[in-house]
Amino acid sequence: MTLLSADDITIRDGATRLLAPVSLEVSPGEPLVILGETGSGKSLLAQAMMGTLPEGLRVGGTVTIGAQHLRAEDRAAFKGLWGRQIAVLPQEPWLSLDPLMRAGPQVAEAHRLVRDLPAQAAREQAMSDLAALGLEHAFRHYPHELSGGMAQRVAIAAARAGGAPIVIADEPTKGLDAARRDDVAALLLVALAESGGLVVITHDLALARQIGGRLIVLRAGKVVETGATAQVLADPQAAYTRALIAADPETWPRRTAQQPAGAPVVEARDLTLSRGGQRLVRGVSLSLHAGQILGVTGPSGCGKSSLGDALLGLLPPQAGEVRRASDLAPTALQKLWQDPVAAFPRTRSLGQTLGDVAHLHKAPKGRIDALLARLRLAPELLRRRPAAVSGGELQRLALLRAMLARPRFLFADEPTSRLDPITQAEIIGFLAELADEDGMAIALVSHDPVLIDRTADQICRLDRSVSETGTPQQVDLRHATA
Amino acid sequence: MTTTTLSRPWPSGRIIGAAILTLIAAFAILGPVIVPGSPFAQSLMKSLAGPEPAAPFGYDHLGRSLYHRLVHALRLSPLIALAAVATAGAAGLVLGTLAALRGGWVERVLVVLADALLALPGLLMVLIVLAIMPGTALGFWAGLSLVLWVEFFRLTRATARATLAGPAVQAARLLGFGWPYVFRTHLWPEVAPLMLTAAAFGTATAIMGIAALGFVSVGMRAPTPELGLMMVELLPYWREAPMALLTPVLATFALLLGLTLLAGGHRT
Amino acid sequence: MNIVISRLAQAVTVALLVGAATFAMMRSLPGDAAWRIAAGRYGYDNVDAAAAEAVRAELGLGGHWFPAFLSWMGDLLRLDFGRSLVSGQPVIDEIAHQLGASLWLALAAVGLSLVIGPPLGILAGLRPGSLFDRALLVISAAFKAVPQFLMALILILVLSVQMGWLPAAGYGQPRHFILPALALALGLAAVNARIARDAMASVAAQPFYAFAEWKGLSRAQVLWRHGLRNVSVPLLTYLGLQFVLLVEGVVVIESNVGWPGIGHALVHAVFARDVPMVQGTALMLGLGFVLVNALIDLLAARIDPRGAR
């Protein structure tokens, strides 16, 4: 018996084919993982199975849910199945709760309006749903009073209250750190045990591994590989799948440590930082030499970015001091941002912006072209505006811009957390190359402890209460949990 | 700012608005060239008479050519309004940028002042300034500027705060660019489109204000040709000469509609 | 608590501004102002140099401006608004007398605009880009381009002069309300329909709105339970700001239709250079704005507990 099957789903935008015919089946007890990068069509496929594709897109094929056969293009027919047959866990669940309604009623309303329970019974059922997820006290809280993890549980309870046997989770770990990712995987597996069917759409190899079941790898709208998840990940057949797995920091070799030479470029002594009246970093000491990579990691909100800003001199320390090499020009300290689009002026072409920087720093003619070639960027990109360039390319352009100022210290603040794994590996590779070949000192912030472990010569692990600094061998990153 | 181009073509509403305004401006500038005449010359014989070649829109109750009165009315209040908007826009841009850049008590004082002005009906402030200033046109300019700068200030300050705190400006500063460059390449391109919208609304508000006060006889004085004043003068003759009254009414409506359409978005 | 403090600061600044502006108005009265005022008070036959001098001294029209300014502001802060230069009655009594008429008119106008504007706006916001949405956009732009006094003029011409359905002016009976309230409401509705439309469109585009449907709720249930509440907050905040527009409309329209309210009185006071009356009315309107917005802030904070605003 299959809970859900999709046959020959195709999606077109005008003449462009976004998704080649894809067929899949979901059986009870066996989760299905759809793995792919941004633009692979994985979310479109999920939307086609839920009837939520935008009207502008043409969709073909059929979807069978339980006993119902539906044509994928008949979007209205899916509406009646929501909550009753398919439960949808949206991306970023904390945005999926009504900010003006308390958590409990958001679960209870599904019991009352979808399952037609009387008001009192619906309340009690919602209460026990939340209690089962360890949220007895959250019933009367507003969403903004919940942590991200709690909001996620409330959203799961609300999505499943209608009693649907199939759960579809679209990028459930987007923007989460490693510890929370494990949490989500566990919750999804519980949902699977109770409901029967589970479809997880993700770009996250670790999540795919934890969910198990069957796997479909999508790339540019085409199925690259299918099979049992464990098997595909252990022994990938397609070249793309192999590249994807190779891009996972877990498989990276650890960096060969650079021996400190000469005077440090930046140094921090007993640094204590606070932002908006909240103390973030307490008593951190470190010294960073030319050619070294300092990895900074820790849960979100622990002060990783503030530490980097303090090293740059953008955030004055509350106590302690930051020392920079005395021969360091003010512009020899540069930064990369998490969202490169926001780091460029919106309305100017990239060529204009880079030209201004080259002019200001009296860069010799041809320097931009040389750097473009070195960072493997097409010169045509310079004619575009920041928003019209892909994230990976734009982050490399941001790196190029920083290099025009001939920096000796670079603070890279989560430079790859919004990028796909293969692009991430590429950018991190460039950073390592800059440290090795140009002798740049780099502070790299990431929420991914594995990435930091593989990339850094020196690690600073921040947590709410403690912080420790040392080599990758010394700092135990397994404790780096939320 | 010479290098910034609008990424998308203007929506059709804006184009229609700009076209209406161009037509009105052409009429106001070229009107007396096409049909020479005076807005003040009276001829009681022709009181409320219909159109003729020397007066294409007919005559008012005092036998003055409505065509020429309208031409002058369409010069007077738009000019005052534009002058007030230019003053208010410049003041708002400078003070808003200053507040966002300096912060501290400079910002606090300006914000409290702007908030207080926001609480007072604009027409009331204009009325008080009119009573203080010598000369009605000067009084309107000063009063309207005083009322209108608040909107430009708030827009500029909000945009500047967001922009200045963003990564793009941080990057420019780290790279060694000075504030003039930051203003030119980061701030102005963000503020300019909002300023255009606010300026169109501001001009409409100013023209409405001048007409409204003229209509209740506390604005421009007779015999000045002014839209509101023309309406109240012609109101008693509605039955005899409906077209005479409709002339300033339609002109006002077209002017304000053009400005509203040009503004595109709406105030928030 | 923050709301109360910042609104108090606003109220104090409003009072200072009004005080300074009306003081400047007083000082710039033409030279024979004391005569005119004395004449207004005692009748032209009874005015003599002594009476004019008494008025001059009372108003502090002579002498250095600074002590006069301090005493002017002192009176203001003691809430002593003085007497009308025209009627000789205490300003506070005059205002109390007129406020009611204006308040009823304003409430009728706001009520009417809320019945017309937001429902249309919400319907349009649920289907952005639809024919209805675009039609509403055009209609509201057209209505927004009609100043309130012109709207009143048009309504008077159409409804009372041509059709004879309603009285053009007058006060005292319910039917007298319809014309001025409608003239005010149409302009307000044109704008708050747009606000409601944008708020609804932005709420409907939020992830939680789609999620509520995915839970299995019907469109109507989602609109009723999640849409309206979220739309109400920006709409309320906007209504507070619209208060100024409303007051301006009231000032002009009362004069249009001879409504015995505060706006009508204000225009008369400005015309007659009755500075204490101008000051009292301006202060009342400015503080009214602050009070209304403080109440709206508190209400919005109850609906939206996030405390973002």
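See above for the structure.
So, here's what we can say about the structure. (Residues numbered from 1 in each chain as written. Chains lettered and ligands numbered in written order. Predicted model: local features only at pLDDT ≥ 70, side-chain atom pairs only at ≥ 80, totals over all residues. Heavy atoms only, no water.)

What follows concerns the pairing of strand 17 (residues 441–445) of chain A. All names here are of chain A. Summarising burial for strand 17: 5 of the 5 residues are buried, a large majority. Relative to strand 17, strand 13 (residues 293–297) runs parallel, the two being bridged by 4 bridges. Residue Gly 295 lies in a different strand from strand 17, and its bridge partner there is Leu 444. Bridge count between strand 16 (residues 409–413) and strand 17: 5 bridges; the pairing is parallel. (Buried < 20%, exposed > 50% of the residue type's maximum accessible area, 1.4 Å probe, protein only. Helix = DSSP H or I, 4+ residues; strand = E, 2+ residues; numbered from the N terminus. Pairing = 2+ DSSP bridges.)

Of the residues lining the interface, 19 residues belong to chain C; the matching set on chain A comes to 28 residues. Across the interface of chain C and chain A, roughly 2200 Å² is buried in total on both sides, 61% from carbon and sulfur atoms. Among the residues of chain C in contact with chain A, Phe211(C), Trp214(C) and Lys215(C) are the three that bury the most area, contributing 35% of the side total. For the interface between chain C and chain A, the tally reads 3 salt bridges. Where chain C meets chain A, there are 11 residue pairs in polar contact (both at pLDDT 80 or more). (Contact = heavy atoms within 4.5 Å. Buried area = accessible area lost by both parts, 1.4 Å probe. Salt bridge = Lys/Arg side-chain N within 4 Å of Asp/Glu carboxyl O. Polar contact = N/O pair within 3.5 Å; in protein donor to acceptor, adjacent residues only side chain to side chain.)

Looking now at the interface of chain B and chain C. Residue-level contacts link 38 residues of chain B with 43 residues of chain C. Between chain B and chain C, roughly 3700 Å² of surface is buried when both sides are summed, and carbon and sulfur atoms account for 80% of that area. On inspection of chain B and its partner chain C, the count reaches 0 salt bridges. Linking chain B with chain C are 3 residue pairs in polar contact (both at pLDDT 80 or more), by the criterion used here.

What follows deals with empty space enclosed by the protein. Residues and elements named next belong to chain A. What the rule picks out here adds up to 6 cavities of 30 Å³ or more. Of the voids in this model, the second largest cavity is the one considered here, and its volume is about 50 Å³. Taken together, Leu 89, Pro 90, Pro 93, Gln 152, Ala 155, Ile 156, Pro 172, Val 184 and Leu 188 form the lining of the second largest cavity. The dominant element in the lining of the second largest cavity, judged by the number of residues it contributes, is helix 5 (residues 148–160), at 3 residues. (1 Å grid on protein atoms, 1.4 Å probe; cavity = no way out; pocket = protein on both sides within 12 Å on 5 of 7 lines; lining within 4 Å. Points joined across faces, edges and corners; volume = space filled by probe spheres on them.)

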